[in-house]
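# Secondary and tertiary structure notes
For reference, the chains in residue letters:
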Amino acid sequence: MGERKVVLVTGGSRGIGKEVAEIYAENGYDVVINYVSDRTDVEGIKKEFEEKKVKCLLIKADVSNSEDVEKMIEEAIKEFGKIDVLVNNAGITRDTLLMRMSEEDFDKVIEINLKGTYLVTKQVTKYMMKKRQGSIINLASVVGVVGNAGQANYAASKAGIIGFTKSIAKELASRNIRVNAVAPGFIETDMTNILKDEVKENIGNQIPLKRMGTAREVAEVIYFLGTDKSSYITGQVINIDGGMVM
Ligand code: NAP
């Protein structure tokens, strides 16, 4: 058996991020799970992984804080010596119409979703460049492609992630580091649970596959993008949206 690989998942405590951590763990990766609050039993996730002989490092850090991020990556490297796959998944929404959107609502979403992706990527690529190997997957959204009323801040952050992904893919290709984004549509997680039932039903009707997606369906694509099975794919944005955007 070869050397074990290591994945770092930001916002890995819940929703899509948790499912991503699980799918890599199932496939023999050691896992670094980042989170920011105490709302999830992250120790429970770690215990579950360790029972399956997967090493799991939990790191509480705010991805929008450069000091936190620097410490997080140092800790991960100290433990595992490398990061093979980075999944920039941590993200928030602060939805409201532009007229009601406060400067704080705008800044917070940009800081966590977009600046957080920049900060973590910058620290991790230092190590990936030395190894001349790596795969980075960023969480965009279909909203970053087509826009959405009531989500100007979120859509701007996700459109920013798409531009960031393509630029970094061009910069890092010569170092054998691939960078891609996934753009999920409506996925069943805490982020979408807050939507009213009638809104969900309305959304469902607009999706060709007539249902919301699952975190697992997003994680499967993220896993593929992290492995050598996707070795000739970089700089792409892959929609996972039941056909919403085509
Ligand atoms: P979620 O269930 O709300 O989970 C968000 C995760 O991000 C949690 O693990 C949370 O940690 C973490 N997080 C939030 N702020 C953070 C910060 N400052 N630093 C570090 N971690 C932070 O979200 P989700 O639905 O799984 O979404 C995951 C990603 O997919 C996001 O980028 C989202 O924009 C994107 N996405 C989701 C959908 C969807 O329909 N759900 C669609 C398109 C794109 P704590 O548990 O500690 O709070």
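All of the points below concern the structure found in this document. In this text the structure is predicted, and so the values were computed from the model without any measurement. Counting from 1, residues in each chain are numbered in the order their sequence is written. With the structure being a predicted model, the display of local features is reserved for residues of pLDDT at least 70 and the display and counting of side-chain atom pairs for 80 or more, all residues being used for whole-chain, interface and lining totals. Side-chain numbers come from the whole structure's heavy atoms, not from hydrogens or water.

## Points about the nonpolar core
One finds Tyr24, Phe49, Val87 and Ile222 to be the most contacted residues of the largest nonpolar core, which totals 31 residues. Listing elements by their share of this core, those giving two or more residues are strand 1 (6–9), helix 1 (15–26), strand 2 (30–35), helix 2 (42–51), strand 3 (56–60), strand 4 (85–88), strand 5 (134–139) and helix 9 (215–226). Should any heavy atoms of two residues lie within 4.5 Å, those residues are counted as being in contact. Residues contacting phenylalanine 49, with those up to four places away along its chain left out, are Ala21, Glu22, Ala25, Val31, Ile33, Val54 and Cys56. Membership of the second largest hydrophobic core comes to 28 residues, among which are Val6, Met72, Phe80 and Ile168. Nonpolar cores are built from buried Ala, Val, Leu, Ile, Met, Phe, Trp, Tyr and Cys residues. Side-chain atoms within 4.5 Å join them into one set. Between buried and exposed lies partly exposed: a residue is buried under 20% and exposed over 50% of the maximum accessible area for its type, with that area taken using a 1.4 Å probe on protein chains only. Put simply, DSSP H or I for four residues or longer makes a helix, DSSP E for two residues or longer makes a strand, and each gets a number counted from the N terminus.

## Brief notes about the site of the ligand
The near set for a molecule or strand comprises every residue that places at least one heavy atom within 4 Å of it. The environment of the ligand is formed by 33 residues, the closest being Ser13, Ile16, Ser37, Tyr154 and Thr189. Between the ligand and alanine 61 there is a distance of 3.4 Å, counted from a nitrogen atom to a backbone nitrogen or oxygen. For this analysis, a polar contact is any N or O atom pair within 3.5 Å, provided that within protein one partner can donate a hydrogen and the other can accept it, and provided that sequence-adjacent residues contribute only side-chain to side-chain pairs. At 2.9 Å from a nitrogen atom of the ligand is found a side-chain nitrogen or oxygen belonging to aspartate 62. All accessible-area figures derive from a Shrake-Rupley calculation using a 1.4 Å probe, and residue coverage is judged against the displayed protein chains alone. In the complex, the protein chains occlude 95% of the 910 Å² of accessible area that the ligand would expose alone. Mapped onto the shell around the ligand, the elements with two or more residues apiece are helix 1, strand 2, helix 6 (152–172) and helix 7 (190–193). If you tally residues by element for the shell around the ligand, the top one is helix 7, at three residues. Polar here means any residue other than Ala, Val, Leu, Ile, Met, Phe, Trp, Tyr, Cys and Pro, which are nonpolar, and Asp, Glu, Lys and Arg, which are charged; Gly is therefore polar. Each residue belonging to the shell around the ligand can be placed in one class, and the counts come to 15 nonpolar, 13 polar and five charged.

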